[in-house]
Structures are given as C-alpha cells and as structure tokens.
Amino acid sequence: MSTLASNGASAPRLYRIAILAMGGEGGGVLADWLVHLAEAHGFVAQTTSVPGVAQRTGATIYYVECVAADPRGRHPVLSLMPVPGEVDLVVASELMEAGRALQRGLVTPQLTTLIASTHRVYAMTEKIALGDGRVDADALLQACRRQARQFIGADFARLAEDKGSVVGACLFGAIAASGVLPFVKAQFESAVRDSGVGVASSLAAFEAAYQQAQPGPAAQGTVPALSPEAALAKLGPRLQPLAAQVRQFPASAIATLVEGVLKLADYQDEAYAADYLQRLSGLRPQLSPHEELLESLARGLALWMSYEDIVRVADLKIRATRFRKVAQEVRLEQGQMLEIREYLHPRIEEIADSLPAGLGRFLLRSRLAQALLRPLLGEGKVLESSSLRGFLQLYLLAAARPLRRGSLRFAHESQAMQGWIDTVCMLARDNPALAHALADAQRLIKGYSDTQQRGRAHFAIVLAAAGALRAAPDGAHRLRTLMQAALADEEGTALGQALAAQGLTAQGLTAQGLTGQELTGS
Amino acid sequence: MAERSFKKEVQSLRLGEGEQFRGEGILAVTKALLQSGVSYVAGYQGAPISHLMDVLTDANDILQELGIRFEHSASEATAAATLAASVNYPLRGAVTFKSTVGTNVASDALANLASGGVQGGAMIIVGEDYGEGSSIMQERSHAFAMKSQIWLLDPRPDLPSIVRMVEKGFELSEASHTPVMLELRIRACHVHGHFTTKANKRANFTLKDALEAPRRDTNRIALPPATYLHEQEKVAMRWPAAQRFIQAHGLNEFFDGDVADARLQRLGIVMQGGMYNGVLRALQSLGLADLWGNSRVPLYVLNVTYPLVDDEFKRFCAGKDALLLVEEGQPDFIEQNLNSLLRKADLQTRVHGKDLLPMAGEYTGAVLLKGVRTFFEREGVLERERRTIPIATLPIATPPIASQPSADQAPDALATLVHGRPPSFCTGCPERPIFTSIKLLEREIGKHHISADIGCHLFSILPPFNLGATTMGYGLGWAGASAFNTGETSRRSISIMGDGGFWHNGLTSGVGNAVFNKSDHLLVVVDNGYSAATGGQDLLSSRASNDIRATHHPIARAVQGVGVNWVRSIDRTYDLKRMKATLKEALTTPEKGPKVLVAQSECMLNKQRRVKPQFKAAAAAGERVVRERFGVDAETCTGDHACIRLSGCPSLSIKDNPDPLRRDPVTTVLDSCVGCGLCGEASQTAVLCPSFYKASIIHNPGRWDRFRQRLRSAVTGWLQARIDRRLAGLQA
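This section reports on the structure supplied with the text.

Thoughts on the state of the cysteines
All names here are of chain A.
And step 1. For the coordinates displayed, the defined rule picks out zero disulfides over all chains.
And step 2. C144 takes part in no disulfide bond, and the closest cysteine sulfur to it belongs to C170, at a distance of 18 Å.
And step 3. Overall, C144 belongs to the buried group, its relative accessible area being 0%.

Below, the structure is given as structure tokens:
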C-alpha cells in the first residue's frame, strides 16, 4: 500500500461507456459484446446494469468500464456507475434516451462521444395526447450536437430493420466507427461472431452502421415547403378547370387549396371540390388582407367538408391502393397471402346520418325502427374486407356516395360549417388574430362517435368563447389557450379550468344563444 | 420456466481448484455457496436476486450431485424458516430474497431464528433494492440486522470480495451462533467480473443424517424462559464472539494511505464495503488514488457493517483529526453508533458523514465525488472548488447533480424534451385488457375504489390507465380494501391481485379474510401462469409442466376451497365484452358475499418466447401457418389517440399524418405487434373508430387458399378497377 497514486502519463487509459436503452432493446447484449471484445484483447472489463422491472419497456442504463490489463497483475478498481463529466462514450438506443443522457450530465463537450439512433420511440405521455404530444425532435438533436464532443446520429433502428437485425448491432458498428475504443474493426466483428447468435444479420447491420456512422454533425433533412407551381402540378387533367380558380388565391394559400381540392374531389366529385373553391372565393373580400387566416380557413373547411362517414370509410377500405398499403405495412412477402378483417361498430346515429335527411330523422325518432336495426348492428362487426362477402358489403356502402349530398349528416354539417365560417368572417373585421385562432379550431372536430361528440362539444364552447372574446385585445391568445386545454383530456376538466381562469363557464357561453347544437348541427 | 435461462452459465459452477471464473455477481455467489459446503438453499424471487433463483433452478442437477436440497419457497417467510435446519444440526444453509420487502415478510422467522441462534452456518442473501431502478420503498436491511441481531455483511462489490465474504460469513455464523445477512446491492448482483475458484465441497453432515438421528434442545426454542437466556447470550457471548472473529480474520479492511504525507495521515475515510468502488473513483478523480486502488488517504472498509468493531475503530481513529463516514441510506445507523463509540472512548476525532453527504438517496458517482471533495476542502487538503465538475460549466441547464430533483426548480430546456419512461405492460400483455375493461366500465357505472397489489399489474396506476389507489404489499391487494367492508353503500371496491401474490399470501390474507369477514367486494386475480414481474418463474397454478415442481393447481379451486361461492373464470382476457360484462355483474349483482374473478391468459412475454421459435420452424418447414397482427388505416385515423389511451401497448404508436391538411399524428401499429387483438376489440367495444384492421399473413398457403384468392381477385379486381376509373385523372 505504499505505492502512491500515479496520475502521470504512465497511468493506463480507462474507457468508460454508458449505454442508455429501453427494456427489450438488447442493451445487455451490446454491453456483453463490449466486455467480450475487451477481454479478448488483453483488457479487464466490468459491466453492470439495473434491470429489475425496467425490463418491461422502461428506460435503463448499462455501464461498462475497461482498461488494459496491468503487466504487474494488479486489479483495477472499476466503478459500478457513471460519474457525470467522466464518461468517454455514451450510446443511446433512441433519441429521447440520448436526451436523458444529456439531462443526467453524462455527455460533456470536452470528452464525450455520443452515439445515438435518431429514431423515436414515443413515450406514453407523447402518445396519449388528444392532439400532437410529440416533443421537438430537432431540439433534441440540436442539444446532442451542442453537448457532445463528437455526435454520431443516424436512424440505426431502420438500418437494423433493413438488415433483419436489432439496433444493438448497428450501435456496435457505430462504436467501432467512432474510433473511441482502442480496437480495430475486425476485432469488433469477431466479438459478434463469438456470441454465436444471429451472427450473419448482426454483422450485416454492424457493417451498414459502420459505413454510415460518420462522426460530425448529421445532415439536416428539412423538407422545403412546396412552391405554388409545384403544388398546382399535383392537380390532374380532370381538375385543370379548377386549377385556374386556385391560381386566383394568394400564393401562401395555394398548397393548402390544392390539397383541399384533391381531397374533396376524391371524397365526392369535382363539383364538390368546385363548391369548396366557390365558398372560399366568396369570402375573399372579407378575408383578403389576412392571408394566414385564409389559409387556415381553407385547411379547416377542406377537412370539415370531407367529414368521415360510413360511405367514406367503406370507400377508403376497398381501394386497391389500400390493399397494397396494408401488404406493405405488414411486410407481406412473395408467396404469402393476406386476409384483412375490419373492426367496425356503426351505431344507429351513423346509419341515420347517411340516410336521406327525412329518413334519417325518422330513424332517430322511431323507437321501433331502432329496435329493429339494433340487433343487426350488435356489439360491432368484424368484416373481412378481403373476402368476397365483406368486400361487396363495403362496396355497396361506398356506392351510396352520390346520395351523400342529400343525407341528414350533410345537412347538419353544412349548417354547422356555415356558423363557423360566419363567425370567423365576423371576427376578421375587428379581431383578425382571434378569427385566425377560431379558423384553426376546426382541428378540435375529429374522430368518430363519442370522440367526435366530445370534439364537437369542445368546439362549440370554443366557438362561443370566440364570440365572447371579440373585444379582448389578447382574445386570440386566450382562445388558443382554450383550444389547448380542450385537447388536454377527454373529460374536459382542463377546458373547464381554463374557462374558469378566464372568467367564463361552458353553461354561460352556451346560454348566450350560441349553443353547440345550433352551431355544429350535432 | 423462467424468462432467462442460465443453462450455459451454470456450467461454470463446476469449476475446480484454482480455475478462473468469469461471470455475473449472482453466479459467483452461487459458486461460493457450493465452495462453502451448503446442504440446502431456498428463496423467493424478486429483483435483484431473481436471477439467483433462476441460476439455482437451472443448476438443480449440480446441486443434487452435491446433495444440496433446493426449494422454491412459497414466500420469504418460508425461506427464512427453512434456516431452522441449522438450529440443531451442523448444516450450512442459505436463503435469498429481495430486501427490504422480502425481509419484512421474513421478519417473524428471522426473529425466531436469531433468538435461539444457530449451530450450522445460516446465511440470508438479501438483494438490496435501493436507489435508482429500485421498485420498492426506501428502507434499509440494516435495521432488520440490528433489531434481530443478525450480522450484516456488505462486501466490496467485486467478485473476489463477495466470494470471500460468503465463505467467511458461514464461519462467522458458526463461530458466533448467529445467522448472517449478506447484503448485495443491485449493481453488485449484476456486475460482471472474475475470480479464482476453489473446488466445490460436499457437506460432511447431511440432511439425511439429521433426519435419521433427530436432535432437539429446548434451550434453542424461542419460548420463555429460554428467550431470556437468548437475550443474555446475544450480548454476552454471540456479540463478542463475532467481533473477535471479524478481527481475527480481517473481514474489515484497512488501507494505510500515503504514510509519508502527514497531513493526509491525520484524515481517514470509513465506508460500507459496498461503497468502496464509488469512493475510490471519487478519490481517483481528485488525484488522491490510482486505478489500482492505492489511496493516499487512509481507508477503513467495513465489509461487516453490523456489528461495528470498537477496537478497530479506536485503532483507525488514533491520531486522526477527522474522518469521513460514507454510509448510504437512512437513518444514519452507523454514524450514530460511531459517534457514541468515540464519545465513550473519549476520542476527539471529528466525524463527518451525513453533514457532507446527503441523508437520503443513492450515493451515485456524482454525489460521492461532491461529498468527498467537500471533506478534503474542509480539511484544507484541496482548495475550494479547485476542481470543478465539468457538468457545472455546461451551457444546458441541468439539475444540480448532488441535489434531489424537485418540481420547483426552474424548468430547463431538456426537462420538457425528455419524458419519463417508466416500465409498463409489454406488447400484447394479457393484463392490459383487464384494465381497459375497468376503464370502459367506469364510464358506464362510475368510478370505484381500486386496491392494487404488487406485480406487473401495478403498472395500471400509470398512464394511460391511471387506475389503483393504494398498494399495501405483495398479495395484500384484497387485504388493502378490507376497511371498506361497510354495509352503508352498494358501491363495491375492486381489488387486484396477481397469481404470484395470491400464492405468496393472498389466499389467506385476502381471500380467507374476505370470506371470514363477509366481504361483499370484488377481487380480480390476474392469473397469467407465471410469477411474471420477477422473470417468469413457475407457480402452483402455472399451466406448464415443470420437471422439479408441481404445477396445474387452479386458483379458482383454491378460492372455492376457502369458501368463496361467487367465482368466475375468464380464460381469454382479451375478450373485452365478456370481461366487461363479468366485471359489471360482479359489481352490480344483488348477490352478497365475496366475489372473485380469475382472469386467465398467458403472460405474453413468456408465451412469445415459447411460441416464436415454433412458428419460425414451422414456416421454414413449409407448413401452412398464419401470423396475425393489427394495423391502422392512416387515411381514416383522425389522430385522437383514444385507442392508445385505452391500451398503452408498446406496439401501438404514432407517426406523421400522411394527410398534408392534418397536423395531429396518426396512430400506427408497429411490426412488433403480436396480434393479441386488444386494440381491435377496444376500438369496437368503446366505439372508437373504424381504422383498425387485423391482417392475417398466411405463410405457405395451400391449394384451397390459392383457389379462393384467385376467385376473390377476379371479382374484387374488377370492382377496384371501377373505383380507379372514378379517381383517374384527379391526381397528376
């Protein structure tokens, strides 16, 4: 014990590696490869982890230390956990896990090489949002680049998938490419070979990642916004008459208008798309100074006019393109066959909606008709759209498309849309920002049955609130706060609180005459 | 069969004298047990010692060759009681469980065992589940050691030290007639390292010898007046004997430091053995130690943290101005003990500990570095902030590393970007539909008080389910609702219990209790065929055959056996309609009395492990096999994600909306989907949306398949061409 600590040049280099992964992602295998690699080449290596229940999809850290074996046979004392500021290599199996490494201070600009697969595995909190709960992936990437001495980022998960392997094998290839560890490529490869499991695919993934892992800032792939001309070029020969009308609009709205026209022609027919443009043209005098507002309104109107009904769902489900998409999504291979079963649960309301208005109203009123129909609907249907029987049923439903304009739902939706448009136009005069917010509020209406009713109820409240906020200079901000709250939970708790915070109540708003029923026609 | 197989690894248990062992901490502990000549081992699984149980299971052949009896104990209490074999006979035995939850359960037996004392070495190997990644409450095994007077071993976390402490632990136990507890922290259990082995030892005195020539000694039984004798023995004989043994065999370690540096010689660091590597890393960072463990400051490493050896402390403190005590966990038992000891000895050495290191929380690398540095700054060895932790200089705001994260800290950029990722139900988990059903049912008949239990099913308390109000311990789900046996309302409570907890104690503490107290409430037993959360070990009610244990004992029969009349079994939890209807019946039926719903579907993690290789082999062999998975039509999905809020399946995710007009991401099903059917059922039962489809992928289709396909394609192809004509020319 008389030998003193020597921190001079003679001290062997210690390599400290933290692997952040989620349970079941093979972080343990990666750690084992590293240990095997080190031990096979005269190093002493140690690895630890905290598996526990983290195996069940939770986030976990594997930690590896290795150092060249001492010629004098002394055993190094290695740490069982990473110390912030003292980690040479951080490997993250996913982008948010890379963020977690940054948050824990494991990545230091002076020292740390960060290798991350840049794909996203969304956290539960991101997935359960009523709208878009995803975090800003670009901000995470920027933080990675800013914080690491060297950042190697690529979608290693996709690369692994392409090679029929797992992300760990790609990360191992990226580690080899990073040059942080004192081993050459062939030594890495033999560690994979020695493990004896899925060697061929692991090595293919390793090689692909090795080639792709170029240290330095990863290329930024931002999609440039479509120019008006490029957008117009999407319109086919049958829609050329409408193209001329679209050109009349401000450049900033053209891409959206083109998408709207395409969607509505597909949804109903060219005449319907023409109606859409007609409607918007009529509003231009009122909206002309506010281009952004026009764009939002065009977006919302296209979505509203293409509301999802039984006919639309059937129409989309039976198309050849859809069958091809499913085959692609489930990775159907040559020689395999595919059967598709749809999980449907139309209710009396949806049936009534698609009937001619008079008949639909009758059905909604008639207990007898409902009682007769209900057993047919039951607890939902599983329809095999790949079978003749199922396909023909859906085909018949889709064939009812020409009747749509006369349906009960169509009448309701048209009326509700008009209420929204009128309010937006009215607000555009004295509070354009508020009008813009209200134009965006169409986003609240989506989904089917209960989901849609909830959305409609929330929309009705927001619509009424827009009226109440007409004179408020910060009305737009306040309305957007309400919209955000409407998307915070299903029960409407957050919306209730947000209303209260602004001195409003749902009852009070609807009592002013602007009831959800009248406004949305539901 | 357990989730992880150690069949290959256990071969290293056969290593002989002077060979090199390489592997995980728990495997090394097993090898050390064999080298110590144990006659029996037992235990109950739970992180971090689940793998120890799995290793023992997979090593059963080797154990039998050495005449060792291995038991899968019914509970930690059973495991601890197993050590009774060492009371009257010179039999060495070891039991294992997770601590402190398992130690809580085992306490009754441990107290009785420690009262009478042992003749053969008795060792309790506790997996100390504390700190990051821990799944239980923040307690210390130390308290249990103190209250029952069981010696507590806390070896340095490297394999040679751990193995030595197992071997010496048995000797210490025998020398002091006291059971010993080997405390292994979670990382030490899973640390990979190596050590030089000894030959396995077969016990001279065997279980057979004991059974064929039984012995008894009334003085060893915990009943007055012997118990008064035991207390005297504990303080007058066993304690001093232990201290003598610890000193004589050098169980605690002294490191002299730089003897030429007078300033450093006036200081010292005392630590729990388990803290050694972390402290050494801090000293390395501060330039006060090298990689080989040569510290410039004197160290005293407590591989035995209870009892403390007064003489050793006095010796270490002699001539020292100050020492730092590194003791993880609270209360600060060792620090209190040390201060009292120094006071009595009239030694003036200043004791630093919880003043420089945090009272609570794991002593991570960053925490230790900060505490150790502060100690040397205070003592004038290091200049204040001479070395800064690089993290402090970073541009991105991160929480101060040594302090506890608190909600009131200014929100930093990363905090909003990095969400928590707690463990959750696996893809296709059969437990998920149970909670989906409860959630759907609550929309109809209102919210209910839900008493949760320990097991995977406790993930129900997290998003997206947010169900469950309390959990009072393993198997205590129904017991936790017993106060609500009131007759003043017809609203019933729901309790959850897993099959693991059920057999551990829930059958008596929950079901028997409910029958006897005339409960009118509902218990849902999640019967997935395994002790799933701990790694898929078998149970009495497992539906798989096990070579060394008896399975196939249905839970429903056990429940009926103790007197429950209202028992329903659902053998496919994914059947939401049935599940919901049965739950509704249980909660609304006028029939009085306890109600038990046994929800049975095989743990998907284990099922996939079983089925996947079979499927692959069949497909490769050209057999007609069908793989099912679900999907979502992005065109009809509107991005509300209600389906995810009712499921939370890892394979149910989101992606960019392909519709340029929409902004919210659409739901998508990842290829990891195992086709359990929950999302389809949920979207139907909850009347969500028509976007879900089930794809059946037929491998090696037969002649009939191909004929049918041709027929279908002829008709559908013609109709699809009509649709295409309608759409032709719309898009360029």
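Next comes the rest of the write-up.
Topic: the pattern of salt bridges
And step 1. Inspection of every chain in the model, using the stated rule, returns 89 salt bridges over all chains.
And step 2. A salt bridge links E490 of chain A to R645 of chain B; its shortest N-O distance comes to 2.2 Å. Taken as a pair, E490 of chain A in the loop between α23 (475-486) and α24 (493-501) and R645 of chain B in helix α23 (residues 642-645) lie in two separate chains rather than in one. Just as E490 of chain A is buried, R645 of chain B falls in that class too.
And step 3. As a salt-bridge pair, E585 of chain B and R568 of chain B come within 2.9 Å of each other at their nearest N and O atoms. Residue E585 of chain B is found in helix α21 (residues 576-588), and its partner R568 of chain B is found in strand β19 (residues 566-570); the two are separated by 17 residues along the sequence.
And step 4. What emerges from the salt-bridge pattern is a single network uniting E339, R341 and E384 of chain A together with R624, D705, R708 and R712 of chain B.

Thoughts on the interface of chain A and chain B
And step 1. Contacts between chain A and chain B engage 151 residues on the former and 144 residues on the latter.
And step 2. Summed over both partners, the interface of chain A with chain B comes to about 12,400 Å²; 57% of that surface belongs to carbon and sulfur atoms.
And step 3. For the side of chain A that touches chain B, the element with the highest residue contribution is strand β7 (residues 337-344) of chain A, accounting for eight residues.
And step 4. Here the side of chain A that touches chain B is built from residues that sort into 67 nonpolar, 36 polar and 48 charged.
And step 5. Pairing analysis gives six bridges linking β7 of chain A to strand β24 (residues 692-699) of chain B, with the strands arranged antiparallel. From the neighbouring strand, L338 of chain A faces β24 of chain B, where its bridge partner is I697 of chain B.

Points about the sheet that holds strand β3 (residues 59-68) of chain A
All names here are of chain A.
And step 1. With mixed pairing, six strands are arranged side by side in an open sheet as β2-β3-β1-β4-β5-β6. A single partner strand is all that each edge strand has here, and the edge strands are β2 (43-49) and β6 (150-154). Strand-to-strand, the axes of this sheet are offset by a mean angle of 15°, without reference to chain direction.
And step 2. Relative to β6, strand β5 (residues 113-117) runs parallel, the two being bridged by five bridges. Bridged to I115 within β6 is I152.
And step 3. Across the face of the sheet, helix α2 (residues 95-103) comes into contact with β1 (14-22), β3, β4 (89-92) and β5 while running at roughly 130° to β1.

A closer look at the packing of helix α10 (residues 240-247) of chain A against helix α11 (residues 251-267) of chain A
Residues and elements named next belong to chain A.
And step 1. Running from N to C, α10 and α11 cross one another at 150°; their axes reach a closest spacing of 10 Å. It follows that α10 is roughly antiparallel to α11 by the angle criterion. For α10 against α11, the interelement crossing comes out right-handed. Of the residues in α11, those touching α10 at L242, V246 and R247 are I254, L257, V258 and V261.

Some details on the sheet that holds strand β5 (residues 122-128) of chain B
All names here are of chain B.
And step 1. The strand order across the open sheet formed by seven strands is β3-β2-β4-β5-β7-β6-β12, and the pairing between neighbours is mixed. Strand pairing shows two members of the sheet lacking a second neighbour, β3 (69-72) and β12 (304-306), which therefore form its edges. Each adjacent strand pair in this sheet contributes to an overall mean axis angle of 20°, direction not counted.

Observations concerning the packing of helix α12 (residues 270-287) of chain A against helix α13 (residues 291-305) of chain A
Residue and element names in this part refer to chain A.
And step 1. Direction vectors running N to C along α12 and α13 enclose 150°, while the axes themselves pass 11 Å from each other. Regarding the angle of α12 to α13, the classification is roughly antiparallel. Crossing geometry of α12 relative to α13 is assigned as right-handed. In this structure, α12 contributes Y272, D275, Y276, R279, L280, L283 and L287 to the contact, and α13 contributes L293, L294, L297, A298, R299, L301, A302 and M305.
And step 2. Residues of the contact of α12 with α13, tallied by class, amount to 12 nonpolar, no polar and three charged.

Focus on the packing of aromatic side chains
Residue and element names in this part refer to chain A.
And step 1. Enumeration over the complete set of coordinates arrives at 34 aromatic pairs over all chains.
And step 2. Where Y15 meets F43, the ring centres are 6.3 Å apart and the plane angle is 50°; that geometry is what we call tilted. Of this pair, Y15 sits in strand β1 while F43 sits in strand β2, placing them 28 residues apart in sequence.
And step 3. Of the residues examined, Y15 reaches a relative accessible area of 9% and is grouped as buried.
And step 4. By relative accessible area, which is 15% here, F43 ends up buried.

Looking at the nonpolar core
And step 1. With 95 residues, the main nonpolar core has L257, V261, Y276, L280, W420, L438 and L479 of chain A as its most contacted residues.
And step 2. In this structure, L438 of chain A is in contact with W420, T423, V424, L427, V462, L463, A466 and L479 of chain A, ignoring residues within four places of it in sequence.

A word on unusual backbone geometry
Residue and element names in this part refer to chain B.
And step 1. With an omega of 10°, the peptide bond between S99 and T100 qualifies as cis.
And step 2. One can find T100 in the loop between β4 (93-99) and α6 (101-116).
And step 3. With an omega of 5°, the peptide bond between Q330 and P331 qualifies as cis.
And step 4. Within the fold, P331 resides in the loop between β13 (322-326) and α15 (333-344).
And step 5. Residue N466 is not a glycine yet carries a positive backbone phi of 55°.
And step 6. Here N466 shows up in the loop between β15 (450-452) and β16 (470-471).
And step 7. Of note in this structure, V687 is not a glycine but carries a positive phi near 50°.

Parameters and conventions
Residues numbered from 1 in each chain as written. Chains lettered and ligands numbered in written order. Predicted model: local features only at pLDDT ≥ 70, side-chain atom pairs only at ≥ 80, totals over all residues. Heavy atoms only, no water. Disulfide = S-S within 2.5 Å. Buried < 20%, exposed > 50% of the residue type's maximum accessible area, 1.4 Å probe, protein only. Salt bridge = Lys/Arg side-chain N within 4 Å of Asp/Glu carboxyl O. Helix = DSSP H or I, 4+ residues; strand = E, 2+ residues; numbered from the N terminus. Contact = heavy atoms within 4.5 Å. Buried area = accessible area lost by both parts, 1.4 Å probe. Nonpolar A, V, L, I, M, F, W, Y, C, P; charged D, E, K, R; others polar. Pairing = 2+ DSSP bridges. Axes fitted to C-alpha atoms, helices over the stretch in contact; angles between N-to-C directions. Parallel < 35°, antiparallel > 145°, perpendicular 65-115°, else oblique. Left-handed = near helix turned anticlockwise from the far one by under 90°. Phe/Tyr/Trp six-rings, centres within 6.5 Å; stacked < 30°, edge-to-face > 60°. Core = buried A, V, L, I, M, F, W, Y, C linked by side-chain atoms within 4.5 Å.

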